[in-house]
Amino acid sequence: MSTVSWTEDNTCPTARWHSENGALPPRFIVVVDDSTTADAACRSARAGTGLLWRGDFHNARQLLRAMGRRVERKVAPGGDPAEAFRRYRASRRRRAHVLGKLLVVLEDDYSLALRRAPDVRRACTEAYGAPHGRMVVALTELLGVLGAAQWREKGVYVPALRERIHPHYGVFSPVRGEYVDLVASAPLPARVDSAFDLGTGTGVLAAILGRRGFRRIIATDNNPRALSCARANLDRLGLSSVAVHGPALFPDGKADLVVCNPPWLPGTPTSVLESGVYDENSSMLHAFLSGLRAHLRPGGEGWLILSDLPEHLGLRPVGALRDRISAAGLRITAQLTTHPTHHRARNPSSPLHSARTRETTSLYRLTPS
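Model, not experiment: these values are computed from the prediction.

Rules of the game
Residues numbered from 1 in each chain as written. Predicted model: local features only at pLDDT ≥ 70, side-chain atom pairs only at ≥ 80, totals over all residues. Heavy atoms only, no water. Helix = DSSP H or I, 4+ residues; strand = E, 2+ residues; numbered from the N terminus. Rg over C-alpha atoms; globule rule 2.2 N^0.38 Å. Buried < 20%, exposed > 50% of the residue type's maximum accessible area, 1.4 Å probe, protein only. Contact = heavy atoms within 4.5 Å. Areas by Shrake-Rupley, 256 points an atom, 1.4 Å probe, with all protein chains shown as cover. Lys, Arg positive; Asp, Glu negative; His and termini not counted. Charge placed at Lys NZ, Arg CZ, Asp CG, Glu CD. Salt bridge = Lys/Arg side-chain N within 4 Å of Asp/Glu carboxyl O. Pairing = 2+ DSSP bridges. Axes fitted to C-alpha atoms, helices over the stretch in contact; angles between N-to-C directions. 1 Å grid on protein atoms, 1.4 Å probe; cavity = no way out; pocket = protein on both sides within 12 Å on 5 of 7 lines; lining within 4 Å. Points joined across faces, edges and corners; volume = space filled by probe spheres on them. Right-handed = clockwise from strand over helix to strand, strands pointing away. Phe/Tyr/Trp six-rings, centres within 6.5 Å; stacked < 30°, edge-to-face > 60°. Lys NZ or Arg CZ within 6 Å of the ring centre and 35° of its normal.

A. Structural detail: the overall build of the protein chain. Check the secondary structure of the protein chain and you find 12 helices and 17 strands. Against the compact-globule benchmark of 21 Å for 369 residues, the protein chain has a radius of gyration of 23 Å, which places it among compact chains. Based on the C-alpha atoms only, the size of the protein chain along its principal axes is roughly 75 × 50 × 35 Å. Across the 369 residues of the protein chain, 50% fall into the buried class. Counted over contacts in the protein chain with a minimum sequence separation of 6, partners at least 24 positions apart contribute 68%. With the model as given, the accessible surface of the protein chain reaches about 17400 Å², and the carbon-plus-sulfur share is 49%. Where the 49 positive side-chain charges of the protein chain centre and where its 34 negative ones centre are 4 Å apart.

Printed below as a string of structure tokens:
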């Protein structure tokens with residue numbers, strides 16, 4: 001456990017350092033307040049100095065936005081998609097590094113001792129668990145915790161379920177509905193006795209399978225937060241046919257249907273939520289393909305839900321996915337496709353616009369070859 005210290009009112013307080021993204025604590029921290037300008041804050045943050053906020057909470061958010069405008073480097077659309085993606089990722093990392101230096105102290109009970117500060121105790125308890133002493137976190141992280149608490153409370157409406165799914169902090173939200181719709185509409189295998197949902201996240205696909213008539217479903221995930229989230233959602237929906245196991249990818253045994261919706265982009269996540277987008281070295285995708293045959297009942301099939309955005313961005317060679325499927329002793333019996341409907345796909349100012357306009361999301365039906 002790392003601790004940080006700073007000088008304040010002729011004392012040297014200390015607190016536990018916490019970063020969900022694994023960021024190292026700054027070696028030097030200074031106290032700042034409402035008199036601090038965005039230019040001065042950016043200079044200090046770029047030099048690696050932590051800025052412990054002691055002013056008004058709403059002014060801290062305004063300072064954060066002003067810092068963001070100063071460090072934002074626009075990546076022009078067009079040109080080579082792979083290079084545009086590289087520059088986009090580098091820009092996001094620089095931005096996160098600088099903005100992550102604006103810090104706040106969470107007291108022993110997670111309260112925030114700042115003027116006009118909201119009550120963050122419940123949101124922090126949901127995200128971090130029971131408090132264990134004073135804690136210093138980046139303001140960007142705290143704002144993410146507060147945003148996640150709002151999503152958790154109101155939920156995300158899923159038309160295919162006609163219900164709301166409530167994502168927890170650190171669990172990817174099912175806001176891109178096209179992959180859910182594919183699972184809701186794909187023709188079922190001959191037997192619908194048992195199914196596995198690998199990497200269940202919020203449990204949304206397991207819920208779809210339960211509503212489609214599977215009598216026994218096991219949902220797995222490697223993320224303890226996702227396991228808790230899935231259990232809560234499935235209990236709320238009254239789906240007693242679904243058991244949540246983990247942390248694991250495959251459960252023991254075999255099933256008539258094994259569904260996997262891995263993170264779509266090969267790459268290293270740099271934040272909690274990015275772990276739902278980036279699959280480092282495509283490890284989850286490869287593990288699913290390698291283990292699928294051994295977990296299928298006779299006549300069973302696997303459903304792989306994946307975007308072809310990596311091919312358009314030059315992150316995965318064209319044809320590499322099909323080669324990997326063949327090497328795993330599998331064959332594609334059908335490919336159902338749809339196009340993304342989220343706002344980023346229609347934003348011409350996005351540096352990835354060219355690739356996103358060509359993106360398709362596919363459900364590959366896989367059987368042993």
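B. Spatial organisation of the pattern of salt bridges. Throughout the structure, instances matching the rule amount to 23 salt bridges. With a shortest N-O distance of 2.8 Å, aspartate 56 and arginine 116 are connected by a salt bridge. Taken together, the residues span a long stretch of sequence, with aspartate 56 in the loop between strand 4 (50–53) and helix 2 (57–71) and arginine 116 in the loop between strand 5 (102–106) and helix 4 (121–128) at a distance of 60 residues. On the basis of relative accessibility, which here comes to 5%, the residue aspartate 56 falls in the buried class. For arginine 116, a relative accessible area of 55% gives the class exposed. The closest approach of N and O atoms between arginine 122 and glutamate 126, which form a salt bridge, is 3.3 Å. Highlighted residues: arginine 122 and glutamate 126, both in helix 4, separated by 4 residues, approximately one helical turn. For arginine 122, a relative accessible area of 65% translates into the label exposed.

C. Focus on the sheet that holds strand 3 (residues 29–32). Read across the open sheet, the 6 strands follow the order 1-2-6-5-4-3; overall the sheet is mixed. Both outer strands of the open sheet, strand 1 (3–5) and strand 3, are each paired with one neighbouring strand and no more. Looking at each pair of strands side by side, their axes are set apart by 40° on average, direction ignored. Of the strand pairs in this sheet, strand 3 and strand 4 are connected by 4 bridges, and their pairing is parallel. Across the sheet, residue isoleucine 29 finds its bridge partner in strand 4, namely glycine 50.

D. Region of the structure containing the layout of surface pockets. By volume, the second largest pocket is sized at about 260 Å³. Pro118, Asp119, Arg122, Ala123, Glu126, Leu146, Gly147, Ala149, Gln150, Arg152 and Glu153 together form the lining of the second largest pocket. Those elements giving two or more residues to the lining of the second largest pocket turn out to be helix 4 and helix 5 (139–154). The greatest single-element share of the lining of the second largest pocket, amounting to 6 residues, is contributed by helix 5.

E. Spatial organisation of the pairing of strand 4. Residues Gly50 and Leu52 line one face of strand 4 and the alternating positions Leu51 and Trp53 line the opposite face, and both faces are buried. A crossover links strand 3 with its parallel partner strand 4, the connecting element being helix 1 (residues 38–46), and its sense is right-handed. Bridge count between strand 4 and strand 5: 2 bridges; the pairing is parallel. Each residue of the ladder has a partner; that of leucine 52, found in strand 5, is leucine 103.

F. View of the sheet that holds strand 15 (residues 296–307). A sheet is described by the order of its strands in space; here 7 strands give the open sequence 11-10-9-12-15-17-16, paired in mixed fashion. On the outer flanks of this sheet lie strand 11 (242–245) and strand 16 (330–338), each paired with one strand and no other. Going across the sheet, the axis of each strand differs from the next one's by a mean of 20°, ignoring polarity. In this structure, strand 10 (residues 216–220) lies alongside strand 11, joined through 4 bridges in parallel fashion.

G. Representation of empty space enclosed by the protein in the model. Applying the stated criterion to the full structure yields 2 cavities of 30 Å³ or more. A volume near 30 Å³ is recorded for the second largest cavity. Taken together, Ala123, Glu126, Ala127, Val145, Ala148, Ala149, Arg152 and Tyr169 make up the lining of the second largest cavity. Elements with a contribution of two residues or more to the lining of the second largest cavity: helix 4 and helix 5. By residue number, the principal contributor to the lining of the second largest cavity is helix 5, which donates 4 residues.

H. The arrangement of the packing of aromatic side chains in detail. Counted by the stated rule, this structure contains 4 aromatic pairs. Measuring from ring centre to ring centre gives 6.4 Å for tyrosine 128 and tyrosine 169, while their planes differ by 75°; the resulting arrangement is edge-to-face. Residue tyrosine 128 is found in helix 4, and its partner tyrosine 169 is found in the loop between strand 8 (163–165) and helix 6 (178–185); the two are separated by 41 residues along the sequence. Residue tyrosine 128 is classed as buried on the basis of its relative accessible area of 16%. In this structure tyrosine 169 comes out as buried when scored by relative accessible area, which is 12%. Taking 6.2 Å as the distance between ring centres and 90° as the angle between the ring planes, the aromatic pair formed by tyrosine 179 and tryptophan 264 counts as edge-to-face. Here tyrosine 179, found in helix 6, pairs with tryptophan 264, found in the loop between strand 12 (255–260) and strand 13 (265–266); they are 85 residues apart in sequence, far enough to count as distant. The exposure class assigned to tyrosine 179 is buried, which follows from its relative accessible area of 7%. Cluster of aromatic residues (ring-pair linked, three or more members): Tyr110, Tyr128 and Tyr169. Between the NZ or CZ atom of arginine 89 and the centre of the ring of tyrosine 278, over which it lies, the distance is 4.0 Å. The ring of tryptophan 151 is capped by lysine 154, whose NZ or CZ atom sits 4.7 Å from the centre of that ring.

That's the geometry; what it means functionally is another story.
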